[in-house]
Amino acid sequence: MQLLNHRFENQEKLEQFINRNIPSDKHLFLQVFSGIIDKKLIQSVLDVLHTRLPGEPLIGATTAGEIMDGSMSSGEIIIAFSLFDATEIKTYYYPVSDYTCGEQAAREVVTERTKVCIVLSEGLKSDSESFLNGFTSVRNDIVLAGGNAGDDLTFTRTFIMKENTVYDEGVVVAVLDSDVLEVHNDYSLYWTTIGKEMTVTKADKNIIYEIDHKPVKSVYIHYLGAEAVGQIPASAIEFPLIKINDGVKIARSIIAQTPDEAFVYAGHFYDGDKVRFSIGNVEEILDYAVDFQESVSSHAVEATYIYSCSVRKLFLQDQLNYELNLINDIAPTCGLFTYGEFFHSPSGNQLLNITTTALSLSESPAPSEKRAVEPHQYRHSMLKSLTHLVNEA
């Protein structure tokens with residue numbers, strides 16, 4: 001397979017790119033990642049693609065940032081063209097991203113040749129975690145990747161796309177069927193847990209009311225201080241709660257506060273979940289990026305789709321390009337920054353936060369050779385020492 005990316009500037013340049021680079025004898029799959037939250041403009045881009053490449057499968061989403069060839073951007077439209085020799089792609093739309101539609105999708109879209117499903121969900125109104133749970137209840141063996149659409153942290157309106165239609169609700173699914181496609185998924189979190197382990201004692205899906213039988217807001221004030229809850233969610237977004245599910249560390253960021261002062265998170269909690277606060281250590285995260293690269297490069301890779309969290313971009317800023325470049329040094333990359341990433345764990349599919357997820361694909365079984373990269377110069381972090389001190393106290 002081959003991945004070719006195009007940064008949209010105008011219709012004429014897009015048509016020139018298609019004429020020069022896109023052959024007619026390949027199985028084509030398009031992904032559109034739009035950091036411009038303008039339905040009319042997005043529709044015009046889809047119309048060009050539909051006219052020039054009629055009938056070709058396409059899914060897309062608005063973003064909190066875009067990823068192209070190992071670098072991130074904001075406020076742009078990236079079109080990723082994946083060219084396959086022996087993989088067929090079909091796309092589907094479901095009007096509601098919930099448990100029932102997840103069950104329905106698993107029954108309708110999966111074939112004996114399905115290797116992976118790429119899922120993009122509307123990012124603000126939908127319950128994508130329930131969609132994943134519904135899908136997993138029927139087929140827990142199928143890898144799902146993708147994430148929730150974003151809108152550059154304005155939390156106003158997100159869109160998803162299928163072929164030449166823009167939707168403001170529901171979920172789109174691209175199914176990759178093949179006899180030869182190699183699929184590997186991986187993720188990087190590396191937020192460090194701090195403080196004591198606590199128990200969620202009253203929760204309803206993505207809302208926590210009580211931790212350790214105390215109002216959740218009072219718990220945050222006790223451990224993080226009043227300032228940390230002064231302007232929820234922005235003031236506490238960098239202190240997510242972490243739980244472990246199916247062997248995967250899952251971070252949950254606050255996204256809102258209810259009128260009765262419960263906290264709304266970018267994913268579900270359940271009564272009895274064990275959680276700890278966590279904090280990001282830039283030096284440690286970047287140091288781990290080399291291990292992340294090694295894990296990805298140990299498999300056959302011809303292209304990697306990256307679905308990374310908007311909070312990770314917000315926290316690491318331009319330094320995140322180091323992690324993205326390491327993955328791109330293995331094979332070309334494309335992707336977006338999401339409001340929650342989808343990841344296949346040993347027993348099913350999970351909604352993650354604050355991670356970089358990498359879906360690596362290859363129609364060749366031979367592992368790819370990564371180019372030599374100058375490693376990040378790790379330096380001892382005072383924050384790491386302080387974290388160790390707090391956890392040992």
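That block above? That's the structure.
The residue numbers shown here count from 1 along each chain, following its written sequence. Reporting in this predicted model follows two pLDDT cut-offs: at least 70 for local features of residues, and 80 or more for side-chain atom pairs to be given and counted; totals over whole chains, interfaces and linings ignore these cut-offs and use all residues. To obtain the side-chain values, all non-hydrogen atoms of the structure were included, while hydrogens and water were left out.

Quick look at the packing of helix α6 (residues 282–297) against helix α8 (residues 320–328)
Lines are fitted to the C-alpha atoms to define the axes, a helix being fitted only along its stretch in contact, and any angle between axes, read from their N-to-C directions, falls within 0 to 180 degrees. Every helix listed is a DSSP run of H or I at least four residues long, and every strand listed is a run of E at least two residues long, numbered separately from the N terminus. Orientation of α6 relative to α8, taken along the N-to-C sense of each, is 20 degrees, at an axis distance of 9 Å. Taken together, α6 and α8 sit at an angle that is classed as roughly parallel. Note on packing geometry: the crossing formed by α6 with α8 is right-handed. Of the residues in α8, those in contact with L286, A289, V290, F292, Q293 and V296 of α6 are Y322, E323, L326 and I327. Throughout this description, any angle smaller than 35 degrees is read as roughly parallel, any larger than 145 degrees as roughly antiparallel, any in the 65 to 115 degree range as roughly perpendicular, and the remainder as oblique. Crossings are sorted by hand: turned counterclockwise from the far helix by less than a right angle, the near helix makes the crossing left-handed, and turned clockwise it makes it right-handed. Whether two residues are in contact is decided by their heavy atoms: any pair within 4.5 Å suffices.

Digging into the state of the cysteines
Throughout, disulfides are identified as pairs of cysteine sulfur atoms within 2.5 Å of each other. Using the criterion set out here, one finds zero disulfides in the structure. Looking at the unpaired C117, the closest cysteine sulfur is the one in C101, lying at 15 Å. When its relative accessible area of 0% is taken as the criterion, C117 is described as buried. Not engaged in a disulfide, the cysteine C334 finds its nearest cysteine sulfur in C117; these two sulfurs lie 17 Å apart. Buried means the residue's accessible area, taken with a 1.4 Å probe over protein chains only, is under 20% of the maximum for its type, while exposed means over 50%, and partly exposed covers the values in between.

Brief notes about the environment of Q293
Looking at where Q293 falls in the secondary structure, it is placed in helix α6. Between the C-alpha atoms of Q293 and L324, which are 31 residues apart in sequence, the distance is 9.2 Å. From its side chain, Q293 meets the backbone oxygen of L326 in a polar contact 3.1 Å long. Side-chain atoms alone can form a polar contact between residues adjacent in sequence; in general such a contact is a pair of N or O atoms within 3.5 Å, and within protein one must be able to donate a hydrogen while the other accepts it.

What about the packing of helix α1 (residues 11–21) against helix α2 (residues 39–52)?
Interhelical geometry of α1 versus α2 gives an angle of 30 degrees and a closest axis separation of 11 Å. For the crossing formed where α1 meets α2, the hand is right-handed. Facing α1, whose interface residues are Q11, L14, E15, I18 and N19, α2 presents V45, V48, L49 and R52. Under the convention adopted here, Pro, Cys and the residues Ala, Val, Leu, Ile, Met, Phe, Trp and Tyr are nonpolar, Asp, Glu, Lys and Arg are charged, and Gly plus all remaining residues are polar. Each residue belonging to the contact of α1 with α2 can be placed in one class, and the counts come to five nonpolar, two polar and two charged.

Quick word on α8
A large share of α8 lies buried, amounting to eight of its nine residues. Listed in full, the buried residues belonging to α8 are L320, N321, Y322, E323, L324, L326, I327 and N328.

Let's talk about unusual backbone geometry
At D69, a position not held by glycine, the phi torsion is positive, near 55 degrees. Mapped onto the elements of the fold, D69 is located in the loop between β4 (66–68) and β5 (71–73). Despite not being glycine, L153 shows a phi value in the positive range, around 65 degrees. Looking at the element boundaries, L153 is found in the loop between β9 (143–148) and β10 (160–162).

Looking at the pairing of strand β17 (residues 241–245)
On a regular strand, one side chain projects to one face of the sheet and the next to the other, so that they alternate. Each pair of strands is called paired provided DSSP finds at least two bridges between the two strands. The sheet contact formed by β17 and strand β18 (residues 248–252) spans five bridges and is antiparallel. Note that in β18 the partner of N245 across the bridge is V248. The turn linking β17 back onto β18 is made up of two residues, and D246 within it adopts a positive phi angle of 55 degrees.

Re the side chain of S360
The topology assignment puts S360 in strand β26 (residues 356–362). On the accessibility criterion, S360 (0% relative accessible area) is buried. Of the polar contacts made by the side chain of S360, one reaches the side chain of T304; its length is 2.9 Å. Contact partners of S360, with chain neighbours within four places excluded, come to E182, V183, H184, V296, V301, A303 and T304.

Side note on the sheet that holds strand β8 (residues 114–121)
Think of a sheet as strands paired side by side through backbone hydrogen bonds, with each pair either parallel or antiparallel. Taken in spatial order, the six strands line up as β7-β12-β8-β9-β24-β25 in an open sheet, and their pairing is mixed. Two strands lie at the open edges of the sheet, namely β7 (87–94) and β25 (348–352), each paired on one side alone. Going from strand to strand, the sheet's axes swing by 20 degrees on average, the running direction of each strand aside. Alignment of strand β24 (residues 341–345) against β25, held across five bridges, turns out to be antiparallel. The residue bridging F342 from the neighbouring strand is L351, located in β25. Docked against the sheet, helix α3 (residues 99–109) engages β7, β8 and β12 (171–178), running at close to 150 degrees with respect to β7.

Digging into the pairing of strand β22 (residues 303–309)
Burial runs high along β22: seven of the seven residues are buried. The side-chain alternation of β22 yields two buried faces, one formed by A303, Y305, Y307 and C309 and the other by T304, I306 and S308. As defined by bridge partners, β22 adjoins strand β23 (residues 333–338) across six bridges and the pair is classed as parallel. Counted as the bridge partner of C309 is T338 from β23.

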